[in-house]
Amino acid sequence: MAKEGAQRAEETEQMIEKEGGKEAAEGGAAGSLRAGDAKEMRAVVLSAFGGLNKLRVSKKAMPEPQEGELKIRVKACGLNFIDLMVRQGNIDNPPKTPLVPGFECSGIVEALGDSVKGFEIGDRVMAFVNYNAWAEVVCTPVEFVYKIPDDMSFSEAAAFPMNFVTAYMMLFEVANLREGMSVLVHSAGGGVGQAVAQLCSTIPNVTVFGTASSFKHEAIKNSVTHLFDRNADYVQEVKRISTDGVDIVLDCLCGENTGKGLSLLKPLGTYILYGSSNMVTGETKSFFSFAKSWWQVEKVNPIKLYEENKVIAGFSLLNLLFKQNRSGLIKGVMDKLLNLYNNKKIKPVVDSLWALEEVKEAMQRIHDRGNIGKLILDVEKAPTPLMANDSTETSEAGEEEEDHEGDNENKERMPFIQ
């Protein structure tokens with residue numbers, strides 16, 4: 001381990017040196033964008049809310065750390081379903097555009113703001129960022145930054161914070177998961193779904209029911225106790241196996257699944273809503289889909305909850321971090337998660353790596369629910385030529401083209417690199 005640590009330190013020094021001394025002569029699309037002013041960087045910019053054609057890679061002024069902030073040379077960024085909703089403007093109080101999307105990244109500390117303690121230049125870190133993560137350089141307050149274990153790669157680190165903290169908080173802080181309980185999780189093949197499955201395996205005799213697109217079943221069957229097709233009548237399937245239902249329902253879909261989830265809860269069970277992906281049915285925001293999804297939400301009667309001894313809750317990690325100032329709580333959770341990682345109890349599942357210039361294709365893969373685990377933007381990855389042709393201009397799909405609802409199982413999927 002000491003030898004590996006020394007090797008990583010040497011690699012870190014080389015990477016910082018390499019980043020600081022890059023010239024335009026290095027060639028390639030990335031090199032040409034880095035040419036010129038050393039204070040400029042590449043970043044994914046969302047010019048306006050809408051379809052994929054609102055995204056492009058542009059040059060932006062490089063940020064410098066303010067008091068209490070770290071400057072991070074980014075190596076990898078995480079993509080989450082919330083990023084699709086941000087792109088569409090399908091969130092409460094969206095920020096003004098143009099903006100740089102992204103909420104988590106990993107990389108190397110390049111500079112420290114005043115009063116920053118506990119970190120040094122050259123440290124390998126992962127971080128939460130209140131937007132601006134999809135760039136070569138980010139600055140974020142020190143309370144949102146965590147050191148990466150020696151044997152964790154940058155891509156794994158970018159896949160770690162959002163998914164595992166969300167899963168841990170819901171299971172242990174909100175629902176109080178204990179031995180012998182049962183959990184139903186939707187999108188079991190996604191980043192949060194796989195984190196939930198892994199964390200459940202750390203508690204004895206926990207039964208995990210999961211829904212996922214059928215083409216994912218073979219890949220994730222060993223992580224979930226009972227797996228159902230996401231288009232099947234999972235309520236009847238769950239009740240057939242467990243007549244009383246389940247103790248915990250984790251719902252990232254919303255719409256009609258809210259009522260179904262509540263109906264499956266055992267007495268003293270907890271339903272947690274942490275997303276609303278059913279509202280994203282096309283490339284752009286659809287008010288019809290939004291209205292339809294909310295219309296399908298079962299009206300919650302507090303008296304009925306009281307009579308049935310059921311709990312309904314919501315969870316938003318980003319609000320907890322950036323609006324409700326609970327970074328101290330999250331740090332405690334991250335310490336526990338990193339301990340589980342170091343003891344080889346959990347490990348991020350990375351679906352695929354994409355260049356910044358391939359962000360549109362990566363987003364489409366999430367939209368099509370084609371990923372198993374987390375999609376990562378690899379800042380140093382060269383774009384695949386066929387993808388790069390369109391990556392900084394306009395999507396062929398255009399802003400108006402809508403993807404059909406459903407499993408997309410038979411749709412031809414874009415090749416990707418593990």
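Procedures and definitions
Residues numbered from 1 in each chain as written. Predicted model: local features only at pLDDT ≥ 70, side-chain atom pairs only at ≥ 80, totals over all residues. Heavy atoms only, no water. Buried < 20%, exposed > 50% of the residue type's maximum accessible area, 1.4 Å probe, protein only. Helix = DSSP H or I, 4+ residues; strand = E, 2+ residues; numbered from the N terminus. Contact = heavy atoms within 4.5 Å. Salt bridge = Lys/Arg side-chain N within 4 Å of Asp/Glu carboxyl O. Core = buried A, V, L, I, M, F, W, Y, C linked by side-chain atoms within 4.5 Å. Domains from an automatic or database assignment. Axes fitted to C-alpha atoms, helices over the stretch in contact; angles between N-to-C directions. Parallel < 35°, antiparallel > 145°, perpendicular 65-115°, else oblique. Left-handed = near helix turned anticlockwise from the far one by under 90°. Pairing = 2+ DSSP bridges. Phe/Tyr/Trp six-rings, centres within 6.5 Å; stacked < 30°, edge-to-face > 60°. Right-handed = clockwise from strand over helix to strand, strands pointing away.

A. Representation of helix H9 (residues 256-264) in the model. When H9 is considered as a whole, its buried residues turn out to be Asn257, Thr258, Gly259, Gly261, Leu262 and Leu264. Packed against the buried residues of H9 are strand S8 (182-185), helix H8 (234-241), strand S11 (246-251), strand S12 (265-273) and strand S13 (311-314).

B. Main features of the environment of Gly259. By the secondary structure assignment, Gly259 is in helix H9. Remark: the alpha-carbon pair of Gly259 and Val300, spanning 41 residues in sequence, is separated by 8.7 Å.

C. Here's a closer look at the pattern of salt bridges. Per the stated rule, a full pass over the model turns up 19 salt bridges. Here Asp123 makes a salt bridge to Lys147, at a shortest N to O gap of 4.0 Å. With Asp123 in the loop between strand S4 (104-112) and strand S5 (124-128) and Lys147 in strand S7 (residues 145-147), this residue pair connects regions lying 24 residues apart in the sequence. Asp123 gets classed as buried once you look at its relative accessible area, which sits at 17%. Using a relative accessible area of 45% as the deciding quantity, one classes Lys147 as partly exposed. For the salt bridge of Glu308 with Lys310, the shortest nitrogen-to-oxygen distance reads 3.3 Å. Salt bridges sharing partners connect three or more residues here, namely Lys39, Glu64, Lys71, Arg73 and Glu110.

D. Highlighting the nonpolar core. Counting residues in each nonpolar core, the largest one holds 102 residues, and the members touching the most others are Phe128, Trp134, Phe160, Leu199, Leu250, Ile330 and Leu337. Both domains that furnish three or more residues to this core are identified here as domain 1 (40-156) and domain 2 (162-347). Beyond its immediate chain neighbours, meaning those up to four positions away, Phe160 contacts Met126, Met152, Val165, Met334, Leu337, Leu338, Tyr341, Ile346 and Pro348. If you look at the next biggest cluster of nonpolar residues, it comprises twelve residues, including Phe228, Tyr234, Val238 and Val249.

E. Quick look at the packing of helix H5 (residues 161-174) against helix H6 (residues 191-200). Here H5 crosses H6 at 55°, and the two axes come no closer than 8 Å. Comparing the axis directions of H5 and H6 gives the class oblique. As H5 runs across H6, the sense of the crossing is right-handed. In this structure, H5 contributes Asn163, Phe164, Thr166, Ala167, Tyr168, Met170, Leu171 and Phe172 to the contact, and H6 contributes Gly191, Val192, Ala195, Val196, Gln198, Leu199 and Cys200.

F. The arrangement of the environment of Val100 in detail. With respect to the helices, strands and loops of the structure, Val100 is situated in the loop between helix H3 (81-88) and S4. Under the relative-accessibility criterion, Val100 is labelled buried at 3%. Expressed as a C-alpha distance, the spacing of Val100 and Ala43, which sit 57 residues apart in the sequence, is 6.8 Å. Here Val100 is in contact with Ala43, Val44, Val45, Lys60, Tyr131, Asn132, Ala133, Trp134 and Ala135, once residues within four sequence places are set aside.

G. Region of the structure containing the sheet that holds S11. In spatial order, the strands read S10-S9-S8-S11-S12-S13; together these six strands make up an open sheet with parallel pairing. Taken across any chain shown, the strands that pair with only one partner, and hence form the sheet edges, are strand S10 (226-229) and S13. Here the average twist between neighbouring strands, direction ignored, is 15°. On top of the sheet, H8 reaches S8, strand S9 (207-212), S10 and S11; it is set at about 155° to S10, its chief contact. Against the sheet, H9 makes contact with S8, S11, S12 and S13, and its axis sits at roughly 150° relative to S12, the strand it touches most.

H. Highlighting the packing of aromatic side chains. Inspection of every chain in the model, using the stated rule, returns seven aromatic pairs. Residues Phe144 and Phe322 carry aromatic rings whose centres are separated by 5.0 Å and whose planes lie at 80° to one another, so their mutual orientation is edge-to-face. One end of the pair, Phe144, is in the loop between strand S6 (137-141) and S7; the other, Phe322, is in helix H12 (residues 317-322), and 178 residues separate them in sequence. Overall, the relative accessible area of 9% leaves Phe144 in the buried class. Taking relative accessible area as the criterion, Phe322 reaches 18% and is therefore assigned buried. Considering the side-chain rings of Tyr168 and Phe172, the 4.7 Å spacing of their centres and the 40° angle between planes classify their relative orientation as tilted.

I. Seen up close, the pairing of S8. Alternating residues of S8 divide into Ser182 and Leu184 and Val183 and Val185, and every residue in both groups is buried. The pairing of S8 with S9 spans four bridges and is classified as parallel. Among the inter-strand pairings, Leu184 is bridged to a residue of S9, identified as Phe209. Note on the crossover from S8 through H6 to S9: the handedness is right-handed. Judged from the three bridges that link them, S8 and S11 form a sheet pairing that is parallel. Among the inter-strand pairings, Val183 is bridged to a residue of S11, identified as Ile248.

J. Just unusual backbone geometry, in detail. For the peptide bond that leads from Thr97 to Pro98, omega is 0°, which places it in the cis range. With respect to the helices, strands and loops of the structure, Pro98 is situated in the loop between H3 and S4. Notably, Leu268 is not glycine yet its phi reads approximately 70°, a positive angle. With respect to the element layout, Leu268 can be found in strand S12. The phi torsion at Arg369 lies on the positive side, around 55°, for a residue other than glycine. Its place among the elements puts Arg369 in the loop between helix H14 (359-367) and strand S15 (374-378).

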